[in-house]
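Spelled out, the chains give:
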Amino acid sequence: MTQTPFAKVAPAGRPGEIVAGFLAPHPPHLVYAENPPQNEPRSRGGWEVLRWAYEHCRRRIKELSPDVILVHSPHWQTVVGHHVLATPRLEGRSVDPIFPHLFRYDYGMDIDVELAGAIVEECFAAGLESRPMRNPKFRVDYGTIVSLHLLNPGWDIPVVGISANNSPYFYDDKVGQEEMTRLGHATARAIAKTGRRAVLVASNSLSHLHFSEEPNPALPEDMSREHVFSHAQYEWDVRVINLLREGNLEEFFRILPEFCLEAFAEIKAGGLTWMLEAMGRPSYGAKLHGYGNVIGTGNAVMEWSRP
Ligand code: 2X7
Ligand code: FE2
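Here we summarise the structure given alongside this text. Computed from a predicted model, the values in this text were never measured in an experiment. (Residues numbered from 1 in each chain as written. Chains lettered and ligands numbered in written order. Predicted model: local features only at pLDDT ≥ 70, side-chain atom pairs only at ≥ 80, totals over all residues. Heavy atoms only, no water.)

**Some words on the coordination of the iron ion (ligand 2)**
- Protein-derived ligands of the iron ion (ligand 2) are His26 (NE2), His75 (NE2) and Glu266 (OE), with the metal-ligand distances lying across 2.0 to 2.1 Å.
- Every donor residue of the iron ion (ligand 2) comes from the same chain, spaced as H-x48-H-x190-E. Placement of His26 in the loop between strand S1 (18-23) and helix H1 (28-34) and of His75 in strand S2 (residues 68-78) is noted, with a sequence separation of 49 residues between them.
- Residue classification places His26 among the buried positions, given a relative accessible area of 3%. (Donors = N, O, S within 2.8 Å, 3.2 Å for Na, K, Ca; no water. Helix = DSSP H or I, 4+ residues; strand = E, 2+ residues; numbered from the N terminus. Buried < 20%, exposed > 50% of the residue type's maximum accessible area, 1.4 Å probe, protein only.)

As structure tokens, then:
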């Protein structure tokens, strides 16, 4: 496997340990606003509060120096089972289907195929449907790319991408989230088995109702037009963020189905449940790096690291 060498500065944690988890929303606007060389459209900036929040996470990831970053994305939707990126290198151009004028991004990522294979095996052992994605021409979704770019724009750490198996959510939020608990446990076992020091990423917005039209098409980054979709949606986000900051996961999981329904929360795709369950439902609170709206959606950048 050809993987970019990565200078390890001060590795944190023990082999087989999840060293941190991040809630890392993926509006393509944030990459557009950064003007990285990989993205074709140019901007005047915008959404700085969220992008400053991501700067803290980047520094933290450099400090932790993990072996691998795992990301669960709601925009890689698979109807049967949980699929896992499992080919050594993926390269290509990703165009956001809804915001092609903001996101046309040339990506290249190294995959930790050994860990990917172990996750698939552990899923099977737990009675979950799972498949390794071995097509070298597979086009990676923008959710995976945006969160990974914002957390590690140098792309010098191998990654593992996991799909969102959406079929459970057609029937019952609770059943879907229970399946994500099992996926989280299977992921943690695979990390332990392969001895990786891993960072986990839930690629999700919180409240997800958004404007149906761009407020200023001539200047998408016009911050005078950015605001929360509704006050009710904002209150839901604040309630959820406070529970996560307090480490009150029991109450968080109790209200999760209602939050998904009332605020159309993107975490209904299961990424946050997967991450928190893989981390053994941490009893310590999360650190909020920043909250902001993107086309009306609510986005929190948060970190779970043992104090
Ligand atoms: O996928 C997204 C999202 N979750 C939130 C806001 C804007 C665009 O894309
Ligand atoms: Fe999204």
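**As for the environment of Glu114**
- Structurally, Glu114 can be placed in helix H3 (residues 113-125).
- Distance in space between the C-alpha atoms of Glu114 and Ala86 is 8.1 Å, their sequence separation being 28 residues.
- Dropping the residues within four chain positions of it, Glu114 is found in contact with Thr194 and Arg196.
- Within the structure, Glu114 has its side chain in polar contact with the side chain of Arg196 (distance 3.1 Å). (Contact = heavy atoms within 4.5 Å. Polar contact = N/O pair within 3.5 Å; in protein donor to acceptor, adjacent residues only side chain to side chain.)

**Thoughts on the site of ligand 1**
- In the neighbourhood of ligand 1, the contacting residues comprise His26, Pro27, Pro28, His29, His75, Phe99, Tyr142, Ser205, His208, Glu266, Ile295 and Thr297.
- In the environment of ligand 1, a nitrogen atom lies 3.3 Å from a nitrogen or oxygen atom belonging to the side chain of Ser205.
- Take His208: an N or O atom from its side chain is 3.1 Å from a nitrogen atom of ligand 1.
- Calculation on ligand 1 without its partners gives an accessible area of 250 Å², and the protein chains cover 95% of this total.
- Here the shell around ligand 1 is built from residues that sort into five nonpolar, six polar and one charged. (Near = heavy atom within 4 Å. Areas by Shrake-Rupley, 256 points an atom, 1.4 Å probe, with all protein chains shown as cover. Nonpolar A, V, L, I, M, F, W, Y, C, P; charged D, E, K, R; others polar.)

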